[in-house]
Amino acid sequence: MIAIGADHGGYELKEEIKKYLDGKGIEYKDYGTYSPESVDYAAIAYKVGTAITSGECERGILCCGTGIGISMAANKVKGIRAACCSDYFSAKFTRLHNDANILCMGGRVVGAGLALEMVEVFLNTGFEGGRHQRRVDQIMAIQDGTFEAE
Ligand code: RB5
């Protein structure tokens, strides 16, 4: 199950992504917003983030105007590694190297064509592990306050 959410700046892109997921038969849960009216993005980021950390959803997709605010908010949820991407390479490598669990994009930055390519590669790429696991563990240690700098 994929968790999806957006503020008004990412609303239209979220609706395009939902059509794509419907077409592929990929199950998702839409955490809003449900209209183009202005809303604050932190609540949406929190709902999608906690849907993942609770185990209800495996990965998430979040959109706002730039993808930045909503990614910053999502990254404050313990256990979330949200990556704000606007190119295909980053969307792929944030799975391979960072084990990102949320892809964030800007509805005012990327077109739907590129965004759907990024969604596809993000959902279909696994984590490489190995030396990248150590680095992800370090990120999470910073979050937990247990990181020891050399
Ligand atoms: C809303 O106008 C806009 O600030 C928001 O969607 C996002 O871009 C914030 O980072």
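Above: the structure in question.
Keep in mind it's a predicted model, so treat the numbers as computed, not measured.

Here we look at the side chain of Asp30
Then step 1. Looking at where Asp30 falls in the secondary structure, it is placed in strand E2 (residues 28-30).
Then step 2. In terms of polar contacts, Asp30 uses its side chain to reach the side chain of Lys14, at 2.9 Å.
Then step 3. Within polar-contact distance, the side chain of Asp30 engages the side chain of Lys18 at 2.8 Å.
Then step 4. Apart from residues no more than four positions distant in its own chain, Asp30 is found in contact with Ile4, Lys14, Glu15 and Lys18.

Things to note about the pairing of strand E3 (residues 59-64)
Then step 1. Along E3, 6 of the 6 residues are buried, which leaves the element largely enclosed by surrounding structure.
Then step 2. Of the two faces of E3, the one lined by Arg59, Ile61 and Cys63 and the one lined by Gly60, Leu62 and Cys64 are each fully buried.
Then step 3. Where E3 and strand E5 (residues 102-106) come together, 5 bridges link them in parallel fashion. From the neighbouring strand, Ile61 faces E5, where its bridge partner is Leu103.

Quick look at the site of the ligand
Then step 1. Taken together, Asp7, His8, Tyr41, Cys64, Gly65, Thr66, Gly69 and Arg108 make up the full set of residues adjacent to the ligand.
Then step 2. Thr66 is positioned with one of its backbone polar atoms (N or O) 2.9 Å from an oxygen atom of the ligand.
Then step 3. Within the side chain of Arg108, one N or O atom sits 3.3 Å away from an oxygen atom of the ligand.
Then step 4. Taking 300 Å² as the accessible area of the ligand by itself, protein coverage stands at 70%.
Then step 5. Of the residues belonging to the shell around the ligand, the class tally is 2 nonpolar, 4 polar and 2 charged.

Focus: the pattern of salt bridges
Side chains bearing opposite charge may pair, as long as their charged atoms lie close to each other.
Then step 1. Under the defined criterion, the tally for this structure stands at 10 salt bridges.
Then step 2. Two residues, Lys14 and Asp30, come together in a salt bridge whose shortest N-O distance is 2.9 Å. One end of the pair, Lys14, is in helix H1 (residues 11-24); the other, Asp30, is in strand E2, with 16 residues separating them in the sequence.
Then step 3. Lys14 sits in the buried class, given a relative accessible area of 0%.
Then step 4. Salt-bridge contacts for Arg81 lead to Asp99; the nearest nitrogen and oxygen are separated by 3.4 Å. With a gap of 18 residues between them, Arg81 in the loop between helix H3 (68-74) and strand E4 (82-84) and Asp99 in the loop between helix H4 (88-96) and E5 connect regions that are remote in the sequence.

Section: helix H5 (residues 112-124)
Because an α-helix packs 3.6 residues into every turn, residues spaced three or four apart end up facing the same way.
Then step 1. Look at H5: 18 Å from first C-alpha to last across 13 residues, which is about the 18 Å you get at 1.5 Å a residue.
Then step 2. Residues of H5 that are buried include every one of Ala115, Met118, Val119, Val121, Phe122 and Leu123, and no others.
Then step 3. The inward-facing, buried residues of H5 abut strand E1 (2-6), H1, E3, H4 and E5.

Section: helix H6 (residues 131-144)
Then step 1. With 14 residues, H6 ought to run about 20 Å at 1.5 Å a step, and its terminal C-alpha atoms sit 20 Å apart, in line with that.
Then step 2. For H6, the full list of buried residues reads His132, Val136, Met140 and Ala141.
Then step 3. At the exit of H6 stands Gly145, carrying a positive phi of roughly 75°.

The rules behind the values
- Residues numbered from 1 in each chain as written.
- Predicted model: local features only at pLDDT ≥ 70, side-chain atom pairs only at ≥ 80, totals over all residues.
- Heavy atoms only, no water.
- Helix = DSSP H or I, 4+ residues; strand = E, 2+ residues; numbered from the N terminus.
- Polar contact = N/O pair within 3.5 Å; in protein donor to acceptor, adjacent residues only side chain to side chain.
- Contact = heavy atoms within 4.5 Å.
- Buried < 20%, exposed > 50% of the residue type's maximum accessible area, 1.4 Å probe, protein only.
- Pairing = 2+ DSSP bridges.
- Near = heavy atom within 4 Å.
- Areas by Shrake-Rupley, 256 points an atom, 1.4 Å probe, with all protein chains shown as cover.
- Nonpolar A, V, L, I, M, F, W, Y, C, P; charged D, E, K, R; others polar.
- Salt bridge = Lys/Arg side-chain N within 4 Å of Asp/Glu carboxyl O.
- Expected span 1.5 Å × (residues − 1).

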